[in-house]
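# Observations on the three-dimensional arrangement
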Amino acid sequence: MACGIRRHTPSPGSGTRICISLRCKGRSHEGTAERYESAFRLKILPRLGDLPIGEIREPTVRRWHRAVLDDGNGWPSVAKAYRLLRAILNTAVEDGLIRRNPCRIKGAGDDRSPERQVLTVAEVHRVVDSMQERYRLLVLLATFTSLRLGELAALRRQDLDLDDGWVRVVHGQVELSTGQLIIKGPKSEAGRRRVGIPSELLPALRWHISKFAEPGPSGRVFVGPYGGYLRRQNFRRIWVRALSKADVAPVHFHDLRHTGNTLAASSGANLRELMERMGHASSRVALIYLHAANERDRAIADSMNVHLAGALRLPSDRAEDA
């Protein structure tokens, strides 16, 4: 994503004001552009939009940053807005409008997303049992292949190899704020991937396809009860009801992906394998799951102490007895 500055001088002598021009490198990613536009419109423009760029200094940015946090915005969304503001002002530096970027708050652009809740396998099965039949495989695939909801909504019959147990991720469904649905390729080459399906899931997946999927190789695997597209907000209501019925604490559907990633790490997947399975080009997120798996292994090792207490005698102990 490239950010540009457009000169905006509504009155003489008012100076260049902050404005945004979003350009995606390579293919167009409407959903990404819309998220940046939303961050600019809701978090940057209200407090900084009337200021000439030359008057946006370090104290100004610090006051803005504190204000948007005090407004009740979560850290991840504020960090995204800060990164966008920094990118815009970097362009202003390159264009000679200002000498130095005033976005200098250490760590303000870092993601500090709260740790996602990881459902247990038993909880996942309780939720599955509480779902309508047509959505049960959606939940299971999200958990055990770590596919995103948009990737599952765009899944076609031809993307599944039910003999050897593979799913090819070649498209994703993006839902814009206008309600428009767009089917597009992954944002990166890492997102275009092949993920193994546990063999225990294959019979249930064959049954689902025979009963609910659209016909033909290009038929969608997951559709609504009236043949419509799977929409995020509509499915969210179904998801919330199933959680309540299953007596599982409120979590996002996306948290199933975290459960699957944690299970993969605990099963012995290495860094490269996790990155490929998740569709990430960066190792940063995959390392989080490996760290969590290592912590779990530490807990498992410590839990074995009860079986060892008093059962082992070290060489020094025997020396003292002598």
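Residues take numbers from 1 onward in each chain, read along the sequence in its written order. Restriction of local features to residues with pLDDT of at least 70 applies here, the model being predicted, together with a cutoff of 80 or more for giving and counting side-chain atom pairs; totals for whole chains, interfaces and linings are based on all residues. Computation of side-chain values: all heavy atoms of the structure, hydrogens and water removed.

The next point concerns the pattern of salt bridges. Any Lys or Arg side-chain nitrogen found within 4 Å of a carboxyl oxygen on Asp or Glu counts as a salt bridge. Evaluation of the coordinates by the stated rule reveals 12 salt bridges. In this structure, Glu37 and Arg41 form a salt bridge, with 3.2 Å as the shortest nitrogen-oxygen distance. Separated by four residues within a single helix, Glu37 and Arg41 lie in helix α1 (residues 30-48), roughly one turn from each other. Connected via shared salt-bridge partners are Glu58, Arg62, Arg100 and Arg104. For the purposes of this entry, the term helix denotes a DSSP run of H or I that reaches at least four residues, the term strand denotes a run of E that reaches at least two, and both are numbered from the N terminus.

Turning to the nonpolar core, a few remarks are in order. Throughout this description, the term nonpolar core refers to a set of buried Ala, Val, Leu, Ile, Met, Phe, Trp, Tyr and Cys residues connected via side-chain atoms within 4.5 Å. Using a 1.4 Å probe on the protein chains alone, a residue whose accessible area is under 20% of its type maximum counts as buried, one over 50% counts as exposed, and one in between counts as partly exposed. By size, the foremost hydrophobic cluster in this structure holds 41 residues, and its most contacted members are Phe235, Trp239 and Phe253. Broken down by secondary-structure element, the contributors of at least two residues to this core are α4 (121-130), α5 (133-145), α6 (149-153), β4 (166-169), α7 (202-212) and α8 (232-246). Examining the composition of this core, we find that seven residues originate from one element, α5, more than from any other. For this analysis, residues touch if any pair of their heavy atoms sits within 4.5 Å. Those residues within four positions of Trp239 in sequence are excluded, and the remaining contacts are Val127, Met131, Val139, Val251, His252, Phe253 and Leu256. Listed in part, the 23 residues of the second largest apolar core include Val61, Trp75, Tyr82 and Cys103.

A few words now on the environment of Pro198. Structurally, Pro198 is set in the loop between β7 (193-196) and α7. Once the C-alpha coordinates of Pro198 and Asp164 are considered, the two residues, 34 residues apart in sequence, prove to be 9.9 Å apart.

Both the distance between ring centres and the angle between the ring planes are used here to describe each pair of aromatic rings. Between the rings of Phe, Tyr and Trp (Trp by its six-membered ring), a pair exists once the centres lie within 6.5 Å; its type follows the angle of the planes, with under 30 degrees stacked, over 60 edge-to-face, and the other angles tilted. Scanning the entire structure with this criterion turns up four aromatic pairs. Taking 5.5 Å as the distance between ring centres and 65° as the angle between the ring planes, the aromatic pair formed by Tyr135 and Phe235 counts as edge-to-face. Of this pair, Tyr135 sits in helix α5 while Phe235 sits in helix α8, and the two are 100 residues apart along the sequence. Taking the relative accessible area as the measure of exposure, Tyr135 reaches 4% and is therefore buried. Overall, the relative accessible area of 2% leaves Phe235 in the buried class. Seen in terms of ring centroids, Phe235 and Phe253 are 5.2 Å apart; in terms of plane orientation they differ by 90°. Their pairing is edge-to-face. Pair noted here: Phe235 is in helix α8 and Phe253 is in the loop between α8 and α9 (255-266), with a separation of 18 residues, a long-range link. The pair Phe235 / Phe253 is uniform in exposure class, with both members buried. The structure contains a cluster of three or more aromatic residues connected by ring pairs, namely Tyr135, Phe235, Trp239 and Phe253.

Our next topic: the pairing of β4. Looking along a regular strand, one sees the side chains alternate between the two faces of the sheet. Burial along β4 is one-sided: the residues Val167 and Val169 are buried and none of Trp166 and Arg168 is. Here strand β3 (residues 160-161) runs beside β4; their pairing, made up of two bridges, is antiparallel. The residue bridging Asp161 from the neighbouring strand is Trp166, located in β4. Strands are labelled as partners when DSSP assigns at least two bridges between them. Between β3 and the antiparallel strand that follows it, β4, lie four residues; Gly165 among them carries a positive phi value of about 80°. Of the strand pairs in this sheet, β4 and β7 are connected by four bridges, and their pairing is antiparallel. Note on β7: the bridge partner recorded for Val167 is Val195.

Okay, the environment of Ala79 next. Locating Ala79 in the fold gives a position in helix α3 (residues 75-94). Once the C-alpha coordinates of Ala79 and Leu69 are considered, the two residues, 10 residues apart in sequence, prove to be 9.8 Å apart. Residue contacts for Ala79: discarding those within four places in its chain leaves Ala108, Gly109, Asp110 and Asp111.

Another point: α8. By this rule, a helix spans an expected 1.5 Å times one less than how many residues it contains. For α8, built from 15 residues, the straight-helix expectation of 21 Å at 1.5 Å per residue is met to within 8% by its first-to-last C-alpha distance of 21 Å. Within α8, burial applies to Phe235, Ile238, Trp239, Ala242, Leu243 and Ala246. Down the axis, α8 shows its buried residues gathered within 140° of arc, on one side only. Within α8, the exposed residues directed more than 90 degrees away from the buried face are Arg241, Ser244 and Lys245. One or two residues past the end of α8 sits Asp247, with phi positive at roughly 60°. In this context, the arc is that of the directions from the helix axis out to the C-beta atoms.

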